[in-house]
Amino acid sequence: STGSEGEAISSGPFTFVGSEGLDIGGESVEALRYRRQRTMTGAQSGTETAEVWFSASSGLPLRNTRTIEASTNTVIGAVTYRETGSFSATSTEPQP
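Residues numbered from 1 in each chain as written. Predicted model: local features only at pLDDT ≥ 70, side-chain atom pairs only at ≥ 80, totals over all residues. Heavy atoms only, no water.

Remarks on the overall build of the protein chain
Then comes step 1: When you go through the protein chain residue by residue, the secondary structure sums to zero helices and six strands.
Then comes step 2: Ordering the α and β elements of the protein chain from the N terminus gives β-β-β-β-β-β.
Then comes step 3: For 96 residues, the compact-globule estimate of 2.2 N^0.38 gives 12 Å, and the protein chain exceeds it by more than 25% at 17 Å.
Then comes step 4: If one aligns the C-alpha atoms of the protein chain with their principal axes, the spans along those axes are about 50 × 30 × 15 Å.
Then comes step 5: Expressed as a percentage of the 96 residues in the protein chain, the buried residues total 22%.
Then comes step 6: Of the contacts made within the protein chain by residues no fewer than 6 positions apart, 39% connect residues no fewer than 24 positions apart.
Then comes step 7: Total accessible area on the protein chain is roughly 6400 Å²; 49% of this is exposed by carbon and sulfur atoms.
Then comes step 8: Of note, the protein chain has its 7 positive side-chain charges centred 5 Å away from the centre of its 11 negative side-chain charges. (Helix = DSSP H or I, 4+ residues; strand = E, 2+ residues; numbered from the N terminus. Rg over C-alpha atoms; globule rule 2.2 N^0.38 Å. Buried < 20%, exposed > 50% of the residue type's maximum accessible area, 1.4 Å probe, protein only. Contact = heavy atoms within 4.5 Å. Areas by Shrake-Rupley, 256 points an atom, 1.4 Å probe, with all protein chains shown as cover. Lys, Arg positive; Asp, Glu negative; His and termini not counted. Charge placed at Lys NZ, Arg CZ, Asp CG, Glu CD.)

Put into structure tokens, the structure is as follows:
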């Protein structure tokens, strides 16, 4: 048992925000920035917002920030999960 019943649906746009330069390890890298805004309904309710930057030349993910908040009704009452996280590349070259 997962503690909740029913279907959870996550939907929303993934939008191109624009291009911008990022400093990655002292190197200026042209990046394509996207925003994902999702809403959860059904067995879970909540939101997710993410910003993602990809290298314009290679597609390498350079930076990612995200925030999630999801609530689920359980046998002990509503339970809310919150997450905030990010990562940033330190180089455009593979590291050992």
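On we go.
Focus: the nonpolar core
Then comes step 1: Ranked by size, the top nonpolar core spans seven residues in total: Leu22, Ile24, Val29, Ala31, Trp53, Leu62 and Ala89.
Then comes step 2: Residue assignment for this core shows that the elements contributing at least two residues are strand 2 (14–24) and strand 3 (27–42).
Then comes step 3: If we ignore the near neighbours within four places in the chain, the residues touching alanine 31 are Gly18, Ser19, Glu20, Leu22, Trp53, Phe54, Ala56 and Leu62. (Core = buried A, V, L, I, M, F, W, Y, C linked by side-chain atoms within 4.5 Å.)

Structural notes on the side chain of glutamate 51
Then comes step 1: Checked against the element boundaries, glutamate 51 lands in strand 4 (residues 44–55).
Then comes step 2: Dropping the residues within four chain positions of it, glutamate 51 is found in contact with Arg33, Tyr34, Arg35, Arg63, Asn64 and Thr65.

From the geometry alone we can't say anything about function, so treat these as descriptive.
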